[in-house]
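Remarks on the overall topology
The chain contents come next:
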Amino acid sequence: MFLTRVFGRALCTAAKSESSAAAAASMARMGHNPLEEFFETDRSPDEDKPIVYGRSWKASELRLKSWDDLHKLWYVLLKEKNMLMTQRQMLNSQNLRFPNPERIPKVRKSMCRIKHVLTERAIEDPDPRRSSEMKRLINAL
């Protein structure tokens, strides 16, 4: 029984490391650079029609989401905000106009609303210890 556990874990670990190494090698072959995520994909100059971007999240919509969903959405918005700020800085340094500057306030509003909804939940929590812990986590965002 002990040997089965040891060898089973060793085989699983080896299989996981091989699959992760294969995934890393395939990413390297495709030429994916993680820094590319900070820049939006370029459109062809033939496309003259403007891209319509979505609206910011409403607090009523965010109240329906779970803690985990809000956490994931926070990091998606953070990544989007970083991408937009990087693109804006790059274009400003080249004396070019930043397209669709209204996207940044939409992302900021959504992030503020997530913090607001999480703070509401922390205040409503009947356990004071858990409430203070939640407030500490929210303020760290």
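These numbers were taken from a predicted model, which means no experiment stands behind them. Residue numbers run consecutively from 1 along every chain, following the written order of its sequence. Reporting in this predicted model follows two pLDDT cut-offs: at least 70 for local features of residues, and 80 or more for side-chain atom pairs to be given and counted; totals over whole chains, interfaces and linings ignore these cut-offs and use all residues. Excluded from the side-chain calculations are hydrogens and water; all other atoms, namely the structure's heavy atoms, are used.

**A short note on unusual backbone geometry**
In this structure, Asn95 is a non-glycine residue whose phi angle is positive, near 55°. In this structure, Asn95 sits in the loop between helix 3 (67-93) and helix 4 (103-124). The classification of residues rests on relative accessible area computed with a 1.4 Å probe and restricted to protein chains. Under 20% of the type maximum is buried, over 50% is exposed, and intermediate values are partly exposed. Look at Asn95 and you get exposed, because its relative accessible area is 72%. With a phi angle near 55°, Asn100 is a residue other than glycine that sits in the positive phi range. Secondary structure elements follow DSSP: runs of H or I of four or more residues count as helices, runs of E of two or more count as strands, with numbering from the N terminus.

**Some details on the pattern of salt bridges**
Take a side-chain nitrogen of Lys or Arg and a carboxyl oxygen of Asp or Glu: if they are within 4 Å of each other, that pair is a salt bridge. By the definition in use, this model includes five salt bridges. Of the charged contacts in the structure, one is a salt bridge between Arg103 and Glu80, with a shortest N-O distance of 2.6 Å. With a gap of 23 residues between them, Arg103 in helix 4 and Glu80 in helix 3 connect regions that are remote in the sequence. Under the relative-accessibility criterion, Glu80 is labelled partly exposed at 26%. Residue Asp125 pairs with Arg130 through a salt bridge whose shortest N-O separation is 3.4 Å. Judged by its relative accessible area of 16%, Asp125 is buried. Residue class for Arg130 comes out exposed when judged on its relative accessible area of 52%.

**Let's talk about the environment of Phe98**
The residue Phe98 is located in the loop between helix 3 and helix 4 in this model. C-alpha of Phe98 to C-alpha of Arg88: the two residues are 10 residues apart in sequence and 5.6 Å apart in space. Not counting chain neighbours up to four residues away, the residues in contact with Phe98 comprise Leu84, Gln87, Arg88, Leu91 and Ile104. For this analysis, residues touch if any pair of their heavy atoms sits within 4.5 Å.

**A look at the layout of surface pockets**
Rolling a probe over the atoms, with the probe sized like a water molecule, indicates the empty space that remains. Buriedness of a pocket was judged along seven lines, with at least five required to meet protein on both sides within 12 Å; pockets are open sets of points on a 1 Å grid over the protein atoms alone, cavities are sets where a 1.4 Å probe fits but cannot get out, and lining residues have an atom within 4 Å of a point. Grid points are joined across faces, edges and corners, and a volume is the space filled by probe spheres set on the points. By volume, the second largest pocket amounts to about 210 Å³. Mapped by element, the contributors of at least two residues to the lining of the second largest pocket are helix 3 and helix 4. As a working rule, the residues Ala, Val, Leu, Ile, Met, Phe, Trp, Tyr, Cys and Pro are called nonpolar, Asp, Glu, Lys and Arg charged, and the rest polar, with Gly in that last group. For the lining of the second largest pocket, a count of residues per class yields six nonpolar, three polar and four charged.

**Some words on helix 4**
Given a rise of 1.5 Å per residue, 22 residues ought to cover 32 Å, and the 32 Å separating the end C-alpha atoms of helix 4 matches this to within 8%. For helix 4, the set of buried residues is Arg103, Ile104, Val107, Ser110, Met111, Ile114, Val117, Leu118 and Ala122. Relative to the axis of helix 4, the buried residues are bounded by an arc of 160° and lie together on one face. The exposed set on the far side of helix 4, more than 90 degrees from its buried face, consists of Cys112, Ile123 and Glu124. In this structure, the buried side of helix 4 is in contact with helix 2 (59-62), helix 3 and helix 5 (128-140). To estimate how far a helix should extend, the number of its residues minus one is multiplied by 1.5 Å. Working note: the arc is built from the helix axis to C-beta atom directions.

Everything listed here is a matter of coordinates, which is why it stays silent on function.
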